[in-house]
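Working through the structure, step by step
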Amino acid sequence: MMEQVICIDGPSGSGKGTIAKFVAEKLGWSILDSGVLYRVLAIATMNHRVDLDNESAITVLAAHLDVQFTFEQEKGSRVILEGEDVTEQLRTEETGNAASKVAYLPDVRQALLQRQQAFLQPPGLVADGRDMGTIVFPNAGLKIFLTASAEERAKRRYKQLKEQRNSVSIATLSKAIKERDERDRSRTIAPLVAAEDAVEIDTTATGIREVVEKVMILVQERFPEALRA
Ligand code: DC
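How each quantity is defined
Residues numbered from 1 in each chain as written. Predicted model: local features only at pLDDT ≥ 70, side-chain atom pairs only at ≥ 80, totals over all residues. Heavy atoms only, no water. Pairing = 2+ DSSP bridges. Helix = DSSP H or I, 4+ residues; strand = E, 2+ residues; numbered from the N terminus. Axes fitted to C-alpha atoms, helices over the stretch in contact; angles between N-to-C directions. Contact = heavy atoms within 4.5 Å. Core = buried A, V, L, I, M, F, W, Y, C linked by side-chain atoms within 4.5 Å. Buried < 20%, exposed > 50% of the residue type's maximum accessible area, 1.4 Å probe, protein only. Near = heavy atom within 4 Å. Polar contact = N/O pair within 3.5 Å; in protein donor to acceptor, adjacent residues only side chain to side chain. Salt bridge = Lys/Arg side-chain N within 4 Å of Asp/Glu carboxyl O. Expected span 1.5 Å × (residues − 1). Phe/Tyr/Trp six-rings, centres within 6.5 Å; stacked < 30°, edge-to-face > 60°.

The next thing to look at is the sheet that holds strand 2 (residues 30–33). Taken together, five strands build an open sheet; the order of strands is 2-6-1-7-8 and the sheet is parallel. Taken across any chain shown, the strands that pair with only one partner, and hence form the sheet edges, are strand 2 and strand 8 (199–202). Ignoring which end each strand starts from, the neighbouring axes of this sheet average 20° apart. Contacts from helix 2 (residues 34–47) reach strand 2 and strand 6 (125–129) within the one sheet, and its direction differs from that of strand 2 by about 45°.

A separate point is the sheet that holds strand 4 (residues 76–81). Spatially, 3-4-5 is the arrangement adopted by the three strands of the open sheet, whose pairing is antiparallel. Across the chains shown, the open sheet's two edge strands, defined by having one partner strand only, are strand 3 (67–72) and strand 5 (84–85). Sheet analysis places strand 4 next to strand 5, joined by two bridges and oriented antiparallel. Paired with Leu 81 across the bridge in strand 5 is Glu 84. Set on the sheet, helix 2 makes contact with strand 3, strand 4 and strand 5; between it and strand 4 the angle comes to about 40°.

In this section: the nonpolar core. Ranked by size, the top nonpolar core spans 35 residues in total, and within it Val 40, Leu 41 and Phe 137 carry the most contacts. Breaking this core down by element, the ones donating at least two residues are strand 1 (3–9), helix 2, helix 3 (55–63), strand 4, helix 5 (93–102), helix 6 (106–117), strand 6 and helix 7 (132–136). If one sorts the elements of this core by residue count, helix 2 sits on top with eight residues. If we ignore the near neighbours within four places in the chain, the residues touching Val 40 are Leu 65, Val 67, Val 79, Leu 81 and Leu 90.

Contacts to the ligand come from 17 residues, most closely from Arg 39, Arg 109, Arg 130, Asp 131 and Arg 187. Contact between the ligand and Arg 39: an oxygen atom at 2.6 Å from a side-chain N or O atom of the residue. Arg 109 has a polar side-chain atom sitting 2.8 Å from an oxygen atom of the ligand. If you list the elements that add at least two residues to the shell around the ligand, you get helix 2, helix 5 and helix 9 (170–186). The dominant element in the shell around the ligand, judged by the number of residues it contributes, is helix 2, at four residues.

With the rule as written, the count across this model stands at eleven salt bridges. Here Glu 93 and Arg 157 are joined by a salt bridge, their closest N and O atoms 2.5 Å apart. Taken together, the positions of Glu 93 in helix 5 and Arg 157 in helix 8 (residues 150–163) put the pair 64 residues apart, joining distant regions of the chain. Taking relative accessible area as the criterion, Glu 93 reaches 16% and is therefore assigned buried. With a relative accessible area of 7%, Arg 157 lands in the buried category.

Moving on, we come to helix 2. Taking 1.5 Å per residue as the helical rise, helix 2 with its 14 residues ought to reach 20 Å, and the 20 Å between its terminal C-alpha atoms agrees with that figure. Most of helix 2 sits out of view: eleven of its 14 residues are buried. Those residues of helix 2 lying buried are Ser 34, Val 36, Leu 37, Tyr 38, Arg 39, Val 40, Leu 41, Ala 42, Ile 43, Ala 44 and Thr 45. Looking one or two places after helix 2, you find Arg 49, whose phi comes out positive at around 55°.

So, on to the packing of aromatic side chains. All told, the structure shown has two aromatic pairs when counted by the stated rule. Measuring from centroid to centroid gives 5.2 Å for Trp 29 and Phe 223, while their planes differ by 75°, and the two rings are edge-to-face. Of this pair, Trp 29 sits in the loop between helix 1 (16–27) and strand 2 while Phe 223 sits in the loop between helix 10 (208–222) and helix 11 (224–228), and the two are 194 residues apart along the sequence. Taking the relative accessible area as the measure of exposure, Trp 29 reaches 7% and is therefore buried. Consider the rings of Phe 69 and Phe 119, whose centres lie 6.3 Å apart with planes at 75°: the pair is edge-to-face. On the criterion of sequence distance, the pair formed by Phe 69 in strand 3 and Phe 119 in the loop between helix 6 and strand 6 is long-range, its members being 50 residues apart. Judged by its relative accessible area of 44%, Phe 69 falls in the partly exposed class. The class for Phe 119 is partly exposed, based on a relative accessible area of 25%.

The structure is reproduced here in structure tokens:
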């Protein structure tokens, strides 16, 4: 049975998060940024002083992850882990790299599976990540796989980090992005690959608006009722 889900997968910096947000807003569907779950788990792992390769201990943390997604009038969306606001810490490079390490562990991924699937509520869900179309929502009605050159993705991350006043050089970032991609692609469980039935869109030289337009044409084909509602 086809599910009311749009999966947007791809490597970091391919534009997944931004595109997912625009598409979800247009449709009035909810959104799952699955990377946030791995990032929150990475922070929990470090807070509890557990090593980033301790699969059994991290799996226990994953199964009991006490995380809340709240909205504050002044600050916007916040992520609360064990009562502590971790929103700022979520986006640092340290957290991203640690997230990629905990995401490498098969039992950990399994422990987060149902939590991700529970985000699907009517009228529908836009889910972004690495394995949304292959593992978490294999019956999704639409699967998109976004790509962009490593150079372009490093530039985008650099800009993002600068806005957050994080200082890091393009060269360091570029190297870190390549390492992270390699780890995400080469793991045996749920590697970063396009689902067989995914539509690939290269965003290297394509603006956000154009990519959203392309996706919305596909949405119209696959979910004609969603746009009429
Ligand atoms: O999308 P992101 O940068 O927030 O993801 C952080 C890390 O989490 C990324 O290196 C890989 C991992 N991840 C994953 O393995 N599977 C997902 N569905 C989402 C993220």
